[in-house]
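# Structure assessment
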Amino acid sequence: MMYFGIALPFLMLMTYATIKGSGSQLKGVNGMERRQHQIQHGHCTYTFLLPELDNCQPSVRSRMPNSLQRDAPPASDNTQSDKRLQQLEHIMENNTLWLHKLENYIEENVKTEISEIKRNAVQNQTAAMTSILTQKTEQTCNLTYVENQVLNQTSRLETQLLENSLSTNNLEKQLLVQVQEISKLNSKNSFLEKKILEMEGKHEKELQVIKEEKLQMHEMMVSQSDIIAELDKQLKASMFNNTVLQMQQVSLERTVQELISLVSQCNEISVTPKGEPVTFKDCAEVYKSGHITSAVYTLNYPNSTETVKAFCDMETNGGAWTVIQHRKDGTVDFRKTWREYKTGFGNPANEYWLGNEFIHQITTSNSYIMRVQLQDWEGNSAFAQYSHFHLGSEKQNYRLHISGYSGTAGRMSSFSPSGTEFSTVDADNDKCSGGCKCAQMATGGWWFDACGPSNLNGIYYPGGTNTVKYNGIKWHYWKGPSHGVKTTTMMIRPTDF
Ligand SMILES: [Ca+2]
């Protein structure tokens, strides 16, 4: 088509000079005349506009041929016209040639267009066909994929079926093995049951034998226990006899002592009226009765038949002293309760406390003096004597009443002041307030003030070291805070002795 568009003006120029007078005539806007040529080719119609030039117009002579021919035309004019005709014919031939060429060109162009159209149609059809084919191939691919999947599934199912069948076969085999084992075990079990039955039979026999032996042993045990009981009775009887013999021995000893004392009384105290019981209120009475040997004597509570054993010191400073406290070796523990300090404890022949109740009763029944006798580990002795001493009742917590100090055990009295009450580990009656308990800190029962300069009932520390022991035996104004006291004796005597 482009080729056609370029060649068309050239054709128009070529035909402008040759074609004249053929087809219909048109006039342009600028006055230029143009001729329109139409060519029919099949269904298509081609129209050409060819301009007509002015210098191609016939001369005056040629425009008026009739006048020349009418006025006897010259021979040169005829030759010119012939030449002109020939030229025209030649131009016409050229034009026809060009037209043929045009026709051929058009035919070729049309052919190419048609072939292009056909080619496009063929291409479109082939594209459609190819799309259809691609769709078909996709569908076939999908189908093959689905078929493959189905095949895979079926193969899987088949393999699973095979596996299942294999496992069932295995299980069947195992079951068979188990059944065989169970049958074996059953046979073994029956064998063992038989053995057990046999063993049971044997054991029953043995059990019977053992039971018989057990019965025999039980009988023997009963007889042995009877024999043991008899032996026990005999032993008890012999023990009783022993105790009876011991009691008889004791009573015999007592009677011998009584006989000796009677003989001595008959020999020394001839003033005692016959038939009257001999009772002593204190050691002064014992002394007065003629017993001038330091020893343990039985004393009677005032106005009572109740007695108490006491040691009588018949030697110190005139004798006749009733010892109410004595310590010399630490064999007796003085950490005692209120009740024990009330009734007394220890051994009167050795270390002891006579008892607050007895001291209260005799010191309130008569006027007494009191003497504290002390000895240290170096053998030094000292004493503290008081011209008046008595104890209050238990209701008054055996309150101390003391006065008239004299002696060598310190420049002043180490006893607690008069009016101090007695305290023990279970009875806090001291002057130490605020939860302070002197009897627990210093130990022993004493007339603790707060807590005071003395405690002859503290712990007995043997050895006499100078180390300070707060809970030891203490008599401050003689030995200071150390516990260098070896022996202590507290004793009383009537003032009027
Ligand atoms: Ca207190």
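Residues numbered from 1 in each chain as written. Predicted model: local features only at pLDDT ≥ 70, side-chain atom pairs only at ≥ 80, totals over all residues. Heavy atoms only, no water.

### Here's the deal with the coordination of the calcium ion
Distances from the calcium ion to its protein donors, D428 (OD), D428 (OD), D430 (OD), C432 (O) and C436 (O), fall at 2.1 to 2.7 Å. Ordering the donors of the calcium ion by residue number gives the pattern D-x1-D-x1-C-x3-C. D430 sits in the buried class, given a relative accessible area of 12%. Note on C432: relative accessible area 18%, which makes it buried. (Donors = N, O, S within 2.8 Å, 3.2 Å for Na, K, Ca; no water. Buried < 20%, exposed > 50% of the residue type's maximum accessible area, 1.4 Å probe, protein only.)

### Description of helix α7 (residues 356-365)
The element α7 is extensively covered by neighbouring structure, given that seven of its 10 residues are classed as buried. N356, E357, F358, I359, H360, I362 and T363 are the residues of α7 that are buried. (Helix = DSSP H or I, 4+ residues; strand = E, 2+ residues; numbered from the N terminus.)

### As for the packing of aromatic side chains
The final tally for this structure, using the stated rule, is 18 aromatic pairs. Consider the rings of F415 and W447, whose centres lie 5.7 Å apart with planes at 55°: the pair is tilted. Here the residue F415 occupies a position in the loop between β11 (400-407) and α8 (438-441), and W447 occupies one in the loop between α8 and β12 (454-455), the gap between them amounting to 32 residues. For W447, a relative accessible area of 0% corresponds to the buried category. Across from the ring centre of F345, 5.5 Å away, lies the NZ or CZ of K336, which sits over that ring. The aromatic ring of Y470 is capped on one face by K474, whose charged end is 4.8 Å from the ring centroid. (Phe/Tyr/Trp six-rings, centres within 6.5 Å; stacked < 30°, edge-to-face > 60°. Lys NZ or Arg CZ within 6 Å of the ring centre and 35° of its normal.)

### Some remarks on the state of the cysteines
Scanning the model with the defined rule gives three disulfides in all. Here C432 is linked by a disulfide to C436, with a sulfur-sulfur distance of 1.8 Å. Around the S-S axis, the bridge from C432 to C436 shows a dihedral of about 105° and counts as right-handed. Given the relative accessible area of 13%, C436 is considered buried. (Disulfide = S-S within 2.5 Å.)

### Focus: the pairing of strand β4 (residues 295-300)
Bridge count between β4 and strand β5 (residues 307-313): six bridges; the pairing is antiparallel. Across the sheet, residue L299 finds its bridge partner in β5, namely V308. Counting the residues that bridge the hairpin from β4 to β5 gives six residues, and of these N303 lies at a positive phi of roughly 55°. (Pairing = 2+ DSSP bridges.)

### Examining the side chain of S414
You can see S414 is positioned in the loop between β11 and α8. Here the side chain of S414 touches Y477 through a polar contact of 2.9 Å, landing on its backbone nitrogen. Apart from the residues lying within four places of it in its own chain, the contact partners of S414 are Y386, P453, S454, W475, H476, Y477 and W478. (Polar contact = N/O pair within 3.5 Å; in protein donor to acceptor, adjacent residues only side chain to side chain. Contact = heavy atoms within 4.5 Å.)

### Side note on the pattern of salt bridges
Working definition: two side chains of opposite charge can pair if their charged atoms are close together. One pass over the full model with this rule turns up five salt bridges. When the shortest N-O distance is used, the salt bridge between K479 and D376 registers 3.0 Å. Pair noted here: K479 is in helix α9 (residues 476-479) and D376 is in strand β9 (residues 368-376), with a separation of 103 residues, a long-range link. In this structure D376 comes out as buried when scored by relative accessible area, which is 1%. (Salt bridge = Lys/Arg side-chain N within 4 Å of Asp/Glu carboxyl O.)

### Thoughts on the confidence of the model for the protein chain
On average, residues of the protein chain score 81 in pLDDT, and 78% of them reach the 70 mark or higher. Scored below 50 in pLDDT, residues 56-73 makes nine contacts in the model with residues more than four places away or belonging to other chains. Scored below 50 in pLDDT, residues 266-276 makes seven contacts in the model with residues more than four places away or belonging to other chains. (pLDDT = per-residue confidence, 0-100.)

### Digging into a nonpolar patch on the surface
On the surface, M129, I132 and L133 cluster together into a nonpolar patch covering about 280 Å² of accessible area. By relative accessible area, I132 is classed as partly exposed at 40%. (Patch = residues over 30% accessible without salt bridge, like charges linked within 9 Å, V, L, I, M, F, W, Y side chains within 5 Å. Areas by Shrake-Rupley, 256 points an atom, 1.4 Å probe, with all protein chains shown as cover.)

### Side note on the nonpolar core
Grouped together as the largest cluster of nonpolar side chains are 59 residues, with contacts concentrated most on W353, M370, V372, F415, W447, W475 and M490. When sequence neighbours within four positions are dropped, the list of residues in contact with W353 reads I324, Q325, F334, Y341, G344, F345, I359, F422, W447, N457 and M490. (Core = buried A, V, L, I, M, F, W, Y, C linked by side-chain atoms within 4.5 Å.)

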